[in-house]
Amino acid sequence: MKRKSVISEPQLIMISIGSALMFPYTIMPVLHSANANQDVWLVQILGVFYVVFLSIPALFLANRFRGVHIVEICKLIFGKSFGKIYVALFVPIFFFCFCSCLAIGNVFINLDLLTETPKWIIYAFSILPMAYLVYKGPGTIGRISLFVTTFIIITIILFAILGVSMMDLKILRPVMSDSTFWNLNKAAFLHGSRISEILDFLMFSYYADKKTNINRSYLLSALIYLSATSLIILPTITVLGLDVAKNAFNPYFSYTRQVHGYDVIQRVQAINALAWFPGLIFKLSLNIFLGCHILSGVFKTKSHKPFILPFCIAGFVTVMLPGLNKVNTLLELASDSVFPWIVLPFTVGLPLIMVLVYLLRKKKIDKVLAKKKARASVLDSEEI
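Residues numbered from 1 in each chain as written. Predicted model: local features only at pLDDT ≥ 70, side-chain atom pairs only at ≥ 80, totals over all residues. Heavy atoms only, no water.

*Asks:* Break down the packing of aromatic side chains for me, with residues and values.
*Replies:* Scanning the entire structure with this criterion turns up 20 aromatic pairs. A ring pair is formed by Phe60 and Tyr358, whose centres lie 5.9 Å apart and whose planes are at 55 degrees; its orientation type is tilted. With Phe60 in helix H3 (residues 56-64) and Tyr358 in helix H17 (residues 339-360), this pair connects stretches of sequence that are 298 residues apart. Among the aromatic residues, those joined into a ring-pair cluster are Tyr25, Phe159, Tyr252 and Tyr255. Between the NZ or CZ atom of Lys305 and the centre of the ring of Tyr135, over which it lies, the distance is 4.3 Å. (Phe/Tyr/Trp six-rings, centres within 6.5 Å; stacked < 30°, edge-to-face > 60°. Helix = DSSP H or I, 4+ residues; strand = E, 2+ residues; numbered from the N terminus. Lys NZ or Arg CZ within 6 Å of the ring centre and 35° of its normal.)

Below, the structure is given as structure tokens:
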């Protein structure tokens, strides 16, 4: 399978950050965690450390098999027949993330932005730009991530600065008076377990250029994500108050409604919407592409493009189911009691099994892998 696009290290970092930020930028699930008191900001911070820890198996694979398609990785580890079956197990997580993000995003649009617009119209018009972006491929996704993610981060910094005068830091005190060490870490573990962006690194390691340091990229993306989410949650709860923030479907958007540009810029929340919608389209496009990326390798098609339309249609049909259009249903789906347990088997379970089997068959796999990389190196030199 021949590589068609190359992703630079900054693009890889921005792909991961842009995707991971959309949930806290929208529904801020940490506010619905088991430890959602004045220490919820500590849950957010500790959760990132759990994310890094839980990502170790997938990170190991991304480093050991970089430049190799995920389908080929599974074939090397499990054999040709079972390898195809095994890699197909990753497709449901991308389909699940696509459907859940599409449903949550469109409910928010229907609640706060386009209240009179039927949901099916919102779904239909959202799918068009997504399908086009996915059609253009990983190179375009990487380039778009630089603009979209950077813009989102700029808005986060801007809203934090504009809200400084309104923040009541007393809301954060007393620290850990209502939390035990165990409960704090339990909530942080569940919060960290819901983040699936390590799979972006595993899949996009195939496209990463030779200068990219996978470990450095991942740790830097985790650090930027931690900084950005801290600037989301702290202003939100110190301005709105914890109770108001917990009862809002999109608490961060509710916070941006409270700030203004020192009588120069009014209705600043419009900037939030301008950043949020491209971010949502980007995250959805990323999940579509990764699902189609795997299916293309499984069915040995020349590209991922034949799977885009079926993937989008299947998602459209799924999110139009009556139950998925209810706010309570979506919040329950995104809660710590459901979402982490759907994500964990894919982000930790499947990669961990792959690592264990690889270690058992290491000598044989390494010989085949060395030949594949040597052949790929020859092809690259011929292209140059």
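*Asks:* I'd love a proper account of the packing of helix H2 (residues 40-54) against helix H9 (residues 181-193), names of residues and values included.
*Replies:* Close contact between H2 and H9 brings their axes to 7 Å; oriented N to C, the two are set at 60 degrees. Considered as vectors, H2 and H9 are oriented oblique to each other. Along this stretch, H2 crosses H9, giving a crossing that reads as right-handed. Across the interface between the two elements, Leu42, Val43, Gln44, Leu46, Gly47, Tyr50, Val51 and Leu54 from H2 touch Leu184, Asn185, Ala187, Ala188, Phe189, His191, Gly192 and Ser193 from H9. Looking at the contact of H2 with H9 residue by residue, the classes come out as ten nonpolar, six polar and no charged. (Axes fitted to C-alpha atoms, helices over the stretch in contact; angles between N-to-C directions. Parallel < 35°, antiparallel > 145°, perpendicular 65-115°, else oblique. Left-handed = near helix turned anticlockwise from the far one by under 90°. Contact = heavy atoms within 4.5 Å. Nonpolar A, V, L, I, M, F, W, Y, C, P; charged D, E, K, R; others polar.)

*Asks:* I'd like a description of a nonpolar patch on the surface, backed by residues and values.
*Replies:* Taken together, the side chains of Phe60, Leu352, Leu356 and Leu359 make up a nonpolar region of the molecular surface, amounting to roughly 350 Å² of accessible area. Among the elements that make up the nonpolar patch, the one with the highest residue count is H17 (three residues). Inspection of the secondary structure assignment puts Leu359 in helix H17. Residue Leu359 is classed as partly exposed on the basis of its relative accessible area of 48%. (Patch = residues over 30% accessible without salt bridge, like charges linked within 9 Å, V, L, I, M, F, W, Y side chains within 5 Å. Areas by Shrake-Rupley, 256 points an atom, 1.4 Å probe, with all protein chains shown as cover. Salt bridge = Lys/Arg side-chain N within 4 Å of Asp/Glu carboxyl O. Buried < 20%, exposed > 50% of the residue type's maximum accessible area, 1.4 Å probe, protein only.)

*Asks:* Can you explain the pattern of salt bridges? Please cite residues and give values.
*Replies:* Scanning the model with the defined rule gives five salt bridges in all. In this structure, the salt-bridge partner of Glu72 is Lys75, at a minimum N-O distance of 3.9 Å. Of this pair, Glu72 and Lys75 both sit in helix H4 (residues 70-78), three residues apart, roughly one helical turn. Look at Glu72 and you get buried, because its relative accessible area is 18%. A salt bridge links Lys283 to Glu197, with the shortest nitrogen-to-oxygen separation between them at 3.2 Å. With Lys283 in helix H14 (residues 269-298) and Glu197 in the loop between H9 and helix H10 (198-204), this residue pair connects regions lying 86 residues apart in the sequence.

The analysis is restricted to geometry; functional conclusions fall outside its scope.
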